[in-house]
Amino acid sequence: GENVEQHPSTLSVQEGDSAVIKCTYSDSASNYFPWYKQELGKRPQLIIDIRSNVGEKKDQRIAVTLNKTAKHFSLHITETQPEDSAVYFCAASFTDKLIFGTGTRLQVFP
Amino acid sequence: DAGITQSPRHKVTETGTPVTLRCHQTENHRYMYWYRQDPGHGLRLIHYSYGVKDTDKGEVSDGYSVSRSKTEDFLLTLESATSSQTSVYFCAIRTGGPYGYTFGSGTRLTVV
């Protein structure tokens, strides 16, 4: 069935360190993989996305990699800052809809 | 934000009562979605719509129905609310590229 698994569920890092969040998806036909950031009490907001014809995409301190063969994709945040603390969701497209992972709570300690 | 609003923002209701949540958009987007968010479960798709009167089920559709009689409004109805439906409900519209989603501010529903 349609499924996205996300790990870890919580992640604590020191300010300035890197953070990596990993997701796997079930449907080889999925072709779009966005990442959303949700701050406490707010709505999820898109921070970066990647399409299946691209292996890596970078935007300043964040990057996403995609391994279609293994059906894995990952979010990389470098030089983490306290304002990066939030819940991060990965998602994968299944026909007309997005299915989300269960989220990763990232805490960045000063 | 991107012309999407949800109402109400908060609601407390009693078990067994019907509840309707509204999602309104001002930009004429074709696709609209209802998700629920619960700790440990992330965002789970309830129902979605791909046009007026065109809807389909998501992952957790039991106990919910939807209607879309005009492009701008997508209604989610809990016919007989249960405590397990206590959650935060997010509406989303597909706004960017083939799959770019924009979320509404959410509705916090408590069933007592």
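Everything in this summary refers to the structure shown in the same document.

### Quick look at the layout of surface pockets
Roughly 700 Å³ of volume is contained in the largest pocket. Lining of the largest pocket is provided by 30 residues; of these, Q38(A), R105(A), Q37(B), V88(B) and R108(B) occupy positions nearest its centre. Elements supplying a minimum of two residues to the lining of the largest pocket: β9 (86-94) and β11 (104-109) of chain A together with β4 (32-38), β9 (87-96) and β11 (107-111) of chain B. When residues in the lining of the largest pocket are grouped by element, the largest group, four residues, is from β11(B). Residue classes in the lining of the largest pocket are distributed as eight nonpolar, 16 polar and six charged.

### Remarks on the sheet that holds strand β8 (residues 73-78) of chain B
All names here are of chain B. One open sheet holds the four strands; their spatial order is β1-β3-β8-β7, and the pairing between them is antiparallel. Both outer strands of the open sheet, β1 (4-7) and β7 (64-70), are each paired with one neighbouring strand and no more. When strand polarity is set aside, the average angle formed by the axes of neighbouring strands in this sheet is 20 degrees. As paired elements, β1 and strand β3 (residues 19-25) share four bridges and run antiparallel to each other. Its bridge partner lying in β3, S7 is registered against R22.

What counts and what doesn't
- Residues numbered from 1 in each chain as written.
- Chains lettered and ligands numbered in written order.
- Predicted model: local features only at pLDDT ≥ 70, side-chain atom pairs only at ≥ 80, totals over all residues.
- Heavy atoms only, no water.
- 1 Å grid on protein atoms, 1.4 Å probe; cavity = no way out; pocket = protein on both sides within 12 Å on 5 of 7 lines; lining within 4 Å.
- Points joined across faces, edges and corners; volume = space filled by probe spheres on them.
- Helix = DSSP H or I, 4+ residues; strand = E, 2+ residues; numbered from the N terminus.
- Nonpolar A, V, L, I, M, F, W, Y, C, P; charged D, E, K, R; others polar.
- Pairing = 2+ DSSP bridges.
- Axes fitted to C-alpha atoms, helices over the stretch in contact; angles between N-to-C directions.

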